[in-house]
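Coordinates in review
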Amino acid sequence: MSSGVAVDLENITIRFGDFTAVKDANVNIKGGDFFSFLGPSGCGKTTILRAVSGFLEPSEGRVLIGGNDMAGIGPNKRPTALIFQNLALFPLMTVWENIAFSMEVAGASAKERRKRADELLDMIALPGQGDKLPSELSGGQKQRVAIARALCANPDVLLLDEPLSALDLKLRQHMRTELREIQKRVGITFIYITHDQGEALTMSDNVAVMKAGIIDQIASGHEIYDDPATPFVASFVGENNVFRGKIKSIDGGHAIISTNRSGDLVARITPAQVGNLAVGDEAMMFVRPEAFEVAPEQGSTGQNLVSAKAVNEEFEGNSFSVFLEGDGGKLIKMSVPNLGQDRISTQGHDLTLRYEPSNAVVMPAGELASE
Amino acid sequence: MKKMPFAEFFRNNGPVMGSLLIGLVGFWLIFLILLPQLSMLDYSFRFNLPPAELGGPKDVYTLSNYEHLLYGSDETKQSFNTVDLKVFVRTIIAAIIVTIFNIVLCYPLAYFLGQAKGAGMARLLVVLLIIPYWINEILRAFALRIIFGETGLLNEALMFLHLASEPIDFIRQDVALYAGLGYAYILLMLFPMYNVIESLDRNQIEAARDMGASWLHIHRRIVIPHAKPGIASGSTMVFMLSAGALAAPQILGGPSSLWFTQLVYQWFNDSLNWQQGAAYAIVLLVSTIAIVLTFMKIFKVNMGDIGK
């Protein structure tokens, strides 16, 4: 079992004409990591993947795989295997020929290829399906064949370009678990591209969140969610309520922000921005919908209390989403777990919401994810 | 209950429009394709009789027209009709060579057009390729004759560059004929190839490249198998039309080289023996169809693929 090979991107900039697709990216991916690039479409994440796989050369900077500079080395010579978004299985070849294609290229005999393909078919739980054509398989089976085909060449790094996006929800969730298991079994480095934060958070050891060619944050999924580095990360990953305002005071790790419409509120300064905030700065505070609760003492005021009127309610199954309107028409979303039948609807009521200051983060104002 | 043929077609188009469309297709098939061919077939088995004897006791079916192609005479079967048979074999072989030549020439071009990233550039190139075909086939053949002539553009250029000391007789060497035939139907090879190659998912090429495949391996295993229906369809058309071409051999052929269609033409036009001409034409038609079917069998192409 290999321990995995590290991938390092050093000051990578990629330009297409006047357009800069990726700007000065620095990423160190540990060997054996499941690493995701997460961002909206057009943020440059696929471009980075293509630079790692060798389909394009960065305009500036270096790609290192296992410490070796990959400059000038084509995709067919790199120790990487790429799984395409549309899988790109060869439709005119049988499943086993597809899987063993890299061995065919290397000149292995049909017998050897067949043997290896059958082993891999066992590994992806599709034994005996080698003689079918890809068109005879279901979406999830094709997915697994694509993985087997990529693993056949024993790559050091597996690159996955949103391979689950074509699957339906249930299968996608199942494949997440399966991908993670396969990665643990083979122990090689996985680099995963996705715009789906659920995929990134559930599968990855580490996530890089990208926006318009710039990496905003690299951290574990947990940190990305709890301690977002920028307003973009806070608003792109998961749902968040944003409160804009100016910093009124700073005390250790916490700050009081004088919000535009909801009064003075207290929050924890997000770790990445400690020291970057000063009194009077434009700032943004983020509170997740699930961090709000209905305050025990209704009608009181305080620096972790927001008053709002519940205008609408949506049933989500495991929770209710309550949409509220605060002072000055400020829209707030609160998520209340569904604990059973005896819940009283808050719709139409004036409420005081409460949050734990450690569950709210404040940071310098910046660009939010669109929507 | 038995299902009405074209029931759905009528439901979608209405009874009036549906009947009209099916009627037109039927007219096309029966009057423009089937009946002329059948009458040719009928002619080929009859004697060339003066009008007065038509329908008379001498007007019976015969194999003599076919025997003439084989033996050169209606009476004796002593020797084969080597003159005409040679022309026939030469025509078939030359048409095969022209087809192969077109495949080799069009494949790289179709690959470039189909997979080039700058689609605008490719479109422009396609238009540039089509424009010469706005000119009549005969005029194009004459244009080639001028280019390949003794004092033509090509000879002048070769002499100017000192690559030739005296004019080369491209016409007598049949170079002009092959070039003319190759050029006449090249778009019919290019477009089917271009269409299938354009439909090839570029990711498949990249996936193969990612797995270490060489350029040659990618073409052998990915691109050519995918392009096979287009190649087959283009080859069928080019082969059939080349074997049946008349204008190019007439204008560009050397004085000693005859194309089989010219023999057919002579029987119809010069000898006024339509029956004999029809037999020659039927032999050409049946042989070319047989050859196409054989090649399709060898290269495992289905009839349905060709229509793609």
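As a reminder, the structure under discussion sits directly above these lines.
Overview of the structure. All of these numbers come straight from a predicted model, not from anything done at the bench. (Residues numbered from 1 in each chain as written. Chains lettered and ligands numbered in written order. Predicted model: local features only at pLDDT ≥ 70, side-chain atom pairs only at ≥ 80, totals over all residues. Heavy atoms only, no water.)

**A few points about the overall build of chain A**
Operational definition: Note on conventions: DSSP H or I runs of at least 4 residues are helices, E runs of at least 2 residues are strands, and numbering of each starts at the N terminus. A 1.4 Å probe rolled over the protein chains alone gives each residue an accessible area, and that area as a share of the maximum for its type sets the label: buried under 20%, exposed over 50%, partly exposed in between. It only takes one pair of heavy atoms within 4.5 Å for two residues to be counted as in contact. Calculation of accessible area relied on Shrake-Rupley with a 1.4 Å probe; when residues are assessed, cover is drawn exclusively from the protein chains displayed.
Counting its secondary structure elements, chain A contains nine helices and 20 strands. Counting only C-alpha atoms, chain A reaches 80 × 50 × 35 Å along its principal axes. The buried share among the 371 residues of chain A stands at 52%. Restricting the contact set of chain A to residue pairs at least 6 apart, pairs at least 24 apart contribute 67%. Within the structure as shown, chain A displays about 16,400 Å² of accessible surface, and the carbon and sulfur contribution to it stands at 49%.

**Examining the environment of Tyr 225 of chain A**
Residues and elements named next belong to chain A. Selection rule: Two N or O atoms count as a polar contact when they lie within 3.5 Å, although within protein this holds only if one can serve as hydrogen donor and the other as acceptor, and sequence-adjacent residues are included solely when both atoms are side-chain atoms.
By secondary structure assignment, the location of Tyr 225 is in helix H8 (residues 221-226). In this structure, the C-alpha to C-alpha distance between Tyr 225 and Gln 141, residues 84 residues apart in sequence, is 32 Å. Once residues lying within four places of it in the same chain are set aside, the contact partners of Tyr 225 are Leu 201, Val 237, Gly 238, Arg 288 and Glu 290. Reaching out from Tyr 225, the side chain makes a polar contact with the side chain of Glu 290 at a distance of 2.7 Å.

**A look at the interface of chain B and chain A**
Just so we agree on the cut-off: Note on terms: buried area is the combined drop in 1.4 Å-probe accessible area of two parts once they are placed together, counting the loss on both. Any carboxyl oxygen of Asp or Glu within 4 Å of a side-chain nitrogen of Lys or Arg constitutes a salt bridge here.
Taken together, the contact pairs 16 residues of chain B with 22 residues of chain A. The largest per-residue losses of area from chain B upon contact with chain A belong to Asp 210, Met 211 and Arg 221 of chain B, which jointly make up 38% of the total buried on that side. As a salt-bridge pair, Glu 206 of chain B and Arg 50 of chain A come within 2.8 Å of each other at their nearest N and O atoms. Seen at the junction of chain B and chain A, the total is eight residue pairs in polar contact (both at pLDDT 80 or more). For the side of chain B that touches chain A, the elements supplying multiple residues, two or more each, are helix H10 (202-210) and helix H11 (215-243) of chain B. No other element matches H10 of chain B, which puts seven residues into the side of chain B that touches chain A.

**Focus on the packing of aromatic side chains**
Cut-off, in case you're wondering: Paired rings are identified among Phe, Tyr and Trp, the last through its six-membered ring, by centres lying within 6.5 Å, and are further divided according to the angle between planes into stacked (under 30 degrees), edge-to-face (over 60) and tilted (the rest). Any Lys NZ or Arg CZ that is within 6 Å of a ring centre and within 35 degrees of that ring's normal is treated as a charge sitting over the ring.
Within the structure shown, the criterion is met by 19 aromatic pairs over all chains. Between Phe 34 of chain A and Tyr 192 of chain A the ring centres are 5.8 Å apart and the planes differ by 40°, which places this aromatic pair in the tilted class. With Phe 34 of chain A in strand S3 (residues 34-38) and Tyr 192 of chain A in strand S8 (residues 189-194), the pair connects residues that are 158 residues apart, well separated along the chain. Overall, the relative accessible area of 0% leaves Phe 34 of chain A in the buried class. Relative accessible area serves as the criterion here: at 0%, Tyr 192 of chain A is assigned to the buried category. Linked through ring pairs, Phe 88, Phe 260, Trp 267 and Tyr 280 of chain B together constitute an aromatic cluster. Geometry around Phe 90 of chain A places Arg 149 of chain A over its ring, the cationic atom sitting 4.6 Å from the centre. Directly above the aromatic system of Phe 243 of chain A lies the positively charged group of Lys 330 of chain A, at a separation of 4.9 Å from the ring centroid.

**As for helix H3 (residues 64-71) of chain B**
All names here are of chain B. Buried residues of H3: Ser 64, Asn 65, Tyr 66, His 68 and Leu 69, and no others. Tucked into the core, H3 has its buried residues touching helix H2 (15-44), helix H4 (82-115), helix H13 (260-270) and helix H14 (274-298). Downstream of H3 by a residue or two, Gly 72 has a phi angle that is positive, lying close to 80°.

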